[in-house]
Amino acid sequence: MFSDVKVKMKKKNKLLFSRDSLCLQELKELIQLQTHRTLVMWALDCAALPLAKFEEKYPEEKRPRNCLELCEDWARGKIKMPVAKRAILHSHAVAKEIDDIEYGTLCQAIGHAGATVHVETHALGLPIYELTSIVHSYGKEDFQDPVTEKIDYYYTRLLHWQENTDNLGLKWADFLMNDTKPNKERLLSEKKNENQ
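Residues numbered from 1 in each chain as written. Predicted model: local features only at pLDDT ≥ 70, side-chain atom pairs only at ≥ 80, totals over all residues. Heavy atoms only, no water.

Participant: Give a description of the overall build of the protein that names residues and reports values.
Facilitator: Within the protein one finds 10 helices and zero strands. Its helices and strands taken in sequence order, the protein reads α-α-α-α-α-α-α-α-α-α from the N to the C terminus. Here the C-alpha atoms of the protein give a radius of gyration of 16 Å, agreeing with the 16 Å that 2.2 N^0.38 yields for 196 residues. Oriented by its inertia axes, the alpha-carbon framework of the protein measures out at about 45 × 45 × 30 Å. For the protein, the proportion of its 196 residues judged to be buried stands at 48%. Taking all contacts inside the protein whose residues are at least 6 apart in sequence as the whole, residues at least 24 apart take part in 71%. Carbon and sulfur atoms form 52% of the exposed surface of the protein, whose accessible area is close to 10,200 Å². (Helix = DSSP H or I, 4+ residues; strand = E, 2+ residues; numbered from the N terminus. Rg over C-alpha atoms; globule rule 2.2 N^0.38 Å. Buried < 20%, exposed > 50% of the residue type's maximum accessible area, 1.4 Å probe, protein only. Contact = heavy atoms within 4.5 Å. Areas by Shrake-Rupley, 256 points an atom, 1.4 Å probe, with all protein chains shown as cover.)

Spelled out as structure tokens, the structure:
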């Protein structure tokens, strides 16, 4: 299940997971079935844990938290995209500035969670980057169980939001209320399959 991850580790790749990672295929399939709103709720919810871990080590760095808060505001129609986009880019910038792969990838996971408000294809960025952080945290010999547990957590939380997103009576930005548009992650997968 992690053979592709181990190959990336041997090559010393910075990013150890991708859309094609074997361990992410079931999650990716479930993501492709969701409304944009559900993916936003899931991504912002799941990003709370990497944010908490990041803030334990870097309590003075507020850009990742600001990213999630502003993206939540964007999803609710309180602000426009340019403000949230700057916050997303600032969260990604922290990763370069701290020169800490384990915690830098958490900032990138948070940035992708926030960017899920823009388009569904960012949703997978959350696990791709957070799981990379977990591998760096546990090491190449001991990462399998924590990564498997985290993937199960993502899947369970997505099932939760699939059932509950529209039951909460939340206000949404108009663009997130249009369920006639196809899921972009599904379109990406279909296009890739056509080209193979």
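Participant: Please provide a residue-by-residue account of the environment of Glu149, values included.
Facilitator: Positionally, Glu149 belongs in helix 9 (residues 144–164). Given a relative accessible area of 56%, Glu149 falls into the exposed group. Taking C-alpha positions, Glu149 is 36 Å from Lys80, a pair spaced 69 residues apart along the chain.

Participant: Would you mind going over helix 7 (residues 101–115) in detail, with residue names and values included?
Facilitator: Taking 1.5 Å per residue as the helical rise, helix 7 with its 15 residues ought to reach 21 Å, and the 21 Å between its terminal C-alpha atoms agrees with that figure. With 14 of 15 residues buried, helix 7 is to be regarded as a mostly interior element. (Expected span 1.5 Å × (residues − 1).)

Participant: I'd like to hear about the pattern of salt bridges, residue by residue, with values.
Facilitator: Taken as a whole and assessed by the stated rule, the structure comprises 14 salt bridges. Put simply, Asp179 and Arg37 hold a salt bridge, and the shortest N to O gap is 2.8 Å. Here Asp179, found in the loop between helix 9 and helix 10 (184–194), pairs with Arg37, found in helix 3 (residues 36–46); they are 142 residues apart in sequence, far enough to count as distant. Given the relative accessible area of 45%, Asp179 is considered partly exposed. Residue class for Arg37 comes out buried when judged on its relative accessible area of 3%. (Salt bridge = Lys/Arg side-chain N within 4 Å of Asp/Glu carboxyl O.)

Participant: Describe the layout of surface pockets, naming the residues involved and giving the relevant values.
Facilitator: Computed from the structure, the largest pocket encloses a volume of approximately 220 Å³. A breakdown of the residues in the lining of the largest pocket according to their chemical character gives four nonpolar, six polar and five charged. (1 Å grid on protein atoms, 1.4 Å probe; cavity = no way out; pocket = protein on both sides within 12 Å on 5 of 7 lines; lining within 4 Å. Points joined across faces, edges and corners; volume = space filled by probe spheres on them. Nonpolar A, V, L, I, M, F, W, Y, C, P; charged D, E, K, R; others polar.)

Participant: An account of the state of the cysteines is needed here, citing residue identities and associated values.
Facilitator: Counted according to the given criterion, the structure contains zero disulfides. Between Cys46, a free cysteine, and Cys67, which holds the nearest cysteine sulfur, the sulfur-to-sulfur gap is 15 Å. (Disulfide = S-S within 2.5 Å.)

Participant: Run through helix 4 (residues 48–57), naming residues and quoting values.
Facilitator: Residues of helix 4 that are buried include every one of Pro50, Leu51, Phe54 and Glu55, and no others. Looking straight down helix 4, one finds that the buried residues subtend no more than 130° of arc, so they occupy a single side. (Arc of directions from axis to C-beta.)

Participant: Give me the lowdown on unusual backbone geometry, citing residues and values where you can.
Facilitator: Despite not being glycine, Lys12 shows a phi value in the positive range, around 65°. For Lys12, the location among the structural elements is in the loop between helix 1 (3–10) and helix 2 (25–31). Positive phi, normally seen in glycine, also occurs at Asp99, with a value near 50°.

Participant: Requested: an account of a negative patch on the surface, with residues and values cited.
Facilitator: Taken together, the side chains of Glu26, Glu29, Glu141, Asp142, Asp145, Glu149 and Asp152 present a region of like negative charge at the surface. Elements with a minimum of two residues in the negative patch: helix 2 and helix 9. It is helix 9 that provides the largest number of residues to the negative patch, a total of three residues. Tracing the backbone shows Asp152 in helix 9. (Patch = residues over 30% accessible without salt bridge, like charges linked within 9 Å, V, L, I, M, F, W, Y side chains within 5 Å. Lys, Arg positive; Asp, Glu negative; His and termini not counted. Charge placed at Lys NZ, Arg CZ, Asp CG, Glu CD.)

Participant: Residues and numbers for the side chain of Glu55, please.
Facilitator: Checked against the element boundaries, Glu55 lands in helix 4. In this structure the side chain of Glu55 is engaged in a polar contact, spanning 2.7 Å, whose partner is the side chain of Arg65. (Polar contact = N/O pair within 3.5 Å; in protein donor to acceptor, adjacent residues only side chain to side chain.)

Participant: An account of the packing of helix 3 against helix 4 is requested, with residue identities and associated values reported.
Facilitator: At a minimum axis distance of 4 Å, the contact between helix 3 and helix 4 shows a crossing angle of 25°. Relative to helix 4, the element helix 3 lies roughly parallel. Counted together, Leu44, Asp45 and Cys46 of helix 3 and Ala48, Leu49 and Pro50 of helix 4 form the full contact between these two elements. Split by residue class, the contact of helix 3 with helix 4 holds five nonpolar, no polar and one charged. (Axes fitted to C-alpha atoms, helices over the stretch in contact; angles between N-to-C directions. Parallel < 35°, antiparallel > 145°, perpendicular 65-115°, else oblique.)

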